[in-house]
Amino acid sequence: MKSIEEIEKMNLEELERIADDTGVPVPEDLKAGLDGVIDSLELVDRAVERHERRRIIYGICTAAVCLQVFILAGLMQIRGRNAPVDTFDDPELAYAMVQEVLGQVGLNMRKGVAAVDRGREMADRSFETMEEIIRKK
């Protein structure tokens, strides 16, 4: 058996000749084990690509939200220069409308928080899967 130093000193032709030597039996479980390692590495690569894509998407979404807030603040500043106009004659009706709108806002917030929680769970599962694959190495 050759040492690592001897193998490192060999040229490409010698290595190919040794690799082509069919006189050495290859155990069946070695191929299955190598296939498993290759599949695991492919899974890790895909998970890393998805993670990188997510980071880019999160960055774009964050920038978009910041831009929307900036634009909204500017529009509110422009609209604020006009004197406010009361659109309701009945204060009770105005209060009921405010309650309805705030109820809708709360409902939409709960839906958004639930969606974020589901996304966080999916990301956690992805990271756990990657860690399991890495630990199996």
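The rules behind these values
- Residues numbered from 1 in each chain as written.
- Predicted model: local features only at pLDDT ≥ 70, side-chain atom pairs only at ≥ 80, totals over all residues.
- Heavy atoms only, no water.
- Salt bridge = Lys/Arg side-chain N within 4 Å of Asp/Glu carboxyl O.
- Helix = DSSP H or I, 4+ residues; strand = E, 2+ residues; numbered from the N terminus.
- Buried < 20%, exposed > 50% of the residue type's maximum accessible area, 1.4 Å probe, protein only.
- Patch = residues over 30% accessible without salt bridge, like charges linked within 9 Å, V, L, I, M, F, W, Y side chains within 5 Å.
- Areas by Shrake-Rupley, 256 points an atom, 1.4 Å probe, with all protein chains shown as cover.
- Lys, Arg positive; Asp, Glu negative; His and termini not counted.
- Charge placed at Lys NZ, Arg CZ, Asp CG, Glu CD.
- Contact = heavy atoms within 4.5 Å.
- pLDDT = per-residue confidence, 0-100.
- Expected span 1.5 Å × (residues − 1).

What to know about the pattern of salt bridges
Move 1: Overall, the coordinates contain three salt bridges when judged by the stated rule.
Move 2: Where R55 meets E52, a salt bridge forms, and the shortest distance between an N and an O atom there is 3.9 Å. Taken together, the residues span about one helical turn, with R55 and E52 both in helix 3 (residues 28-80) at a distance of three residues.
Move 3: The partly exposed category is assigned to E52, whose relative accessible area is 37%.

Examining a negative patch on the surface
Move 1: Side chains of E13, E14, E16, D20 and D21 sit close together on the surface and give a patch of like negative charge.
Move 2: Relative to the elements of secondary structure, E14 occurs in helix 2 (residues 12-20).
Move 3: The class of E14 is partly exposed, set by a relative accessible area of 32%.

Here we look at the environment of R54
Move 1: Examined against the element boundaries, R54 turns out to sit in helix 3.
Move 2: As a C-alpha pair, R54 and A123 span 69 residues in sequence and 9.5 Å in three-dimensional space.
Move 3: Apart from the residues within four sequence positions on either side, R54 is in contact with A123 and S126.

Comments concerning the confidence of the model for the protein
Any residue range with low pLDDT should be treated as having predicted coordinates unsuitable for detailed reading.
Move 1: On average, the protein scores 82 in pLDDT, and the residues at 70 or more come to 89%.
Move 2: Mean pLDDT values for the elements of the protein range from 79 in helix 2 up to 88 in helix 4 (residues 91-136).

Focus: helix 4
Move 1: Spanning 46 residues, helix 4 covers 67 Å between terminal C-alpha atoms, matching the ideal 68 Å at 1.5 Å per step.
Move 2: Taken as a whole, helix 4 has its buried residues at A123, M130 and I133.

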